[in-house]
Structure formats: C-alpha cells, structure tokens
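Residue strings, one per chain:
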Amino acid sequence: MASSVAGPEIERLIQLLARLPGLGPRSARRAALHLIKKRDALMAPLSSALQVAMDKIVVCKICGNIDTQNPCTACTDARRDRSIIVVVADVADLWALERAHATRGLYHVLGGTLSPLDGVGPQDLTIDALVSRAHDETVHEIILALNATVDGQTTAHYITDLLHEANVKVTKLAHGVPVGGELDYLDEGTLAAAVRERTAF
Ligand SMILES: [Zn+2]
C-alpha cells in the first residue's frame, strides 16, 4: 500500500479537490498545497465563501437559474426585455450568454436536453414550465439557445412542436463560421450548415 505523506485531513482535502472538473490527482495535490501555504489569504476566505454559497444557493422558481435569490437576479432585473425568453440547457450556457452580452431577454433553464439513450425524457426537464411561460401575453419570442448536437436539436424540435399553440415566434441560434474562423479549418458539418444558412450581404 502506498504510504501517504500527509495526515488524513489533508488527504481528504486532496481527494475532494481531485473531484473538481479539470483537476486530476496531481493538480489537486498542487492546489491543496497552495491552499495550505496561503491559509490566511486564501484558504480561510475560500472556506467561508463555500459555506455562505452553500447556505444561500437557491433554484429560481420562474426560470430554473441558480442564484442566491428567488426569483433570480435575471428574472427581477427591470431593464430586461420581458418579451424574449432565451431557452438554455444548463446554467453554464446562461452564464456564457451573459458573458457575451448576447441578449437582454429573460432565460429559461431546462436542466438538460432530451436524451432517450440516457433515459432523459420531457418530464425530467422544465419543459412544462416553459410552455406555460410562453403563453404569457408579454412574451413574443422564444430563442432556443441549445447545443448543436443531436440531443440539443431533438430538444429544440420537441419544444417547437409544443409551442405551436402559443402566440410566440420561435427562433434558434444560427449555425456557421465562427468569428475569426478560417474556412479551411472548419469541419464539413459546420461548413455545409454555413452555406445552407447563408444570409444576404
Ligand atoms: Zn429566474
């Protein structure tokens, strides 16, 4: 059995850090050592920030976003355009759109995408809540900001069918050449979609 160089408390810290995305056992060890060396400047504030976040995190009852207030910061922001709802699979996608300042609409977090192979059906996502929000007369457009994957597009089609009854325009993200992208480096699927969905100059 490999002997450990540190006591069980430190080994436990390393094991937990190693579960974070992007951190393997080696980098977890390095991160733990860094925290230990910066106990006052980093470890103590991190520890209390984790505890405060743990105590305060709630899921928004309107849109499914994760925040420390319910309804969330986005839902209660008076400057947002309440005629638009941007549908995302995950909170990470919402954060990405916010970083890009891509929209000033409201959001709806589905909690995943339909995936028959993984056993994820409509009842596992917040699709019913989205449909009822779409029937609100202030809502005019639903933007489906879902992944350009089979599951993402299956989910988009499923939702579009359900929204036929609602008096809203349903749109989806464009597929195409990324900003700064060179045609020669694009995969065939992206390039074909870009030509198919070309726009007037
Ligand atoms: Zn919300």
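A short tour of the structure in this document, coming up. What you see is a predicted model; the values in this text were computed from it and never measured.

For Leu 110, the location among the structural elements is in the loop between β4 (105-109) and α6 (127-134). In the structure, Leu 110 is positioned 61 residues away from Thr 171 in sequence and 16 Å away in space, judged by C-alpha atoms. Beyond its immediate chain neighbours, meaning those up to four positions away, Leu 110 contacts Val 87, Val 88, Ala 89, Leu 125, Thr 126, Ile 127, Leu 130, Leu 146, Thr 155 and Ile 159.

Where helix α2 (residues 25-37) meets helix α3 (residues 39-56), the axes come as close as 6 Å, and the angle between the chain directions of the two elements is 110 degrees. In terms of their interaxial angle, α2 and α3 are classed as roughly perpendicular. On α3, the residues that touch His 34, Leu 35, Ile 36 and Lys 37 of α2 are Arg 39, Leu 42, Met 43 and Leu 46. When its residues are assigned to classes, the contact of α2 with α3 shows five nonpolar, one polar and two charged.

When a metal holds four donors in a tetrahedron, each ideal angle between them is 109.5 degrees; when it holds six in an octahedron, the ideal angles are 90 or 180 degrees. Looking at the zinc ion, one finds its protein donor set to be Cys 60 (SG), Cys 63 (SG), Cys 72 (SG) and Cys 75 (SG), positioned 2.2 to 2.3 Å from the metal centre. Coordination geometry of the zinc ion: the four donor atoms subtend angles of 103 to 114 degrees at the metal centre, consistent with an arrangement described as tetrahedral. Here the donor residues of the zinc ion are spaced in sequence according to C-x2-C-x8-C-x2-C. Highlighted residues: Cys 63 in the loop between β1 (58-59) and β2 (66-67) and Cys 75 in helix α4 (residues 73-76), separated in sequence by twelve residues.

Procedures and definitions
Residues numbered from 1 in each chain as written. Predicted model: local features only at pLDDT ≥ 70, side-chain atom pairs only at ≥ 80, totals over all residues. Heavy atoms only, no water. Helix = DSSP H or I, 4+ residues; strand = E, 2+ residues; numbered from the N terminus. Contact = heavy atoms within 4.5 Å. Axes fitted to C-alpha atoms, helices over the stretch in contact; angles between N-to-C directions. Parallel < 35°, antiparallel > 145°, perpendicular 65-115°, else oblique. Nonpolar A, V, L, I, M, F, W, Y, C, P; charged D, E, K, R; others polar. Donors = N, O, S within 2.8 Å, 3.2 Å for Na, K, Ca; no water. Tetrahedral: all angles 85-135°; square planar, octahedral: opposite > 155°, others 65-115°.

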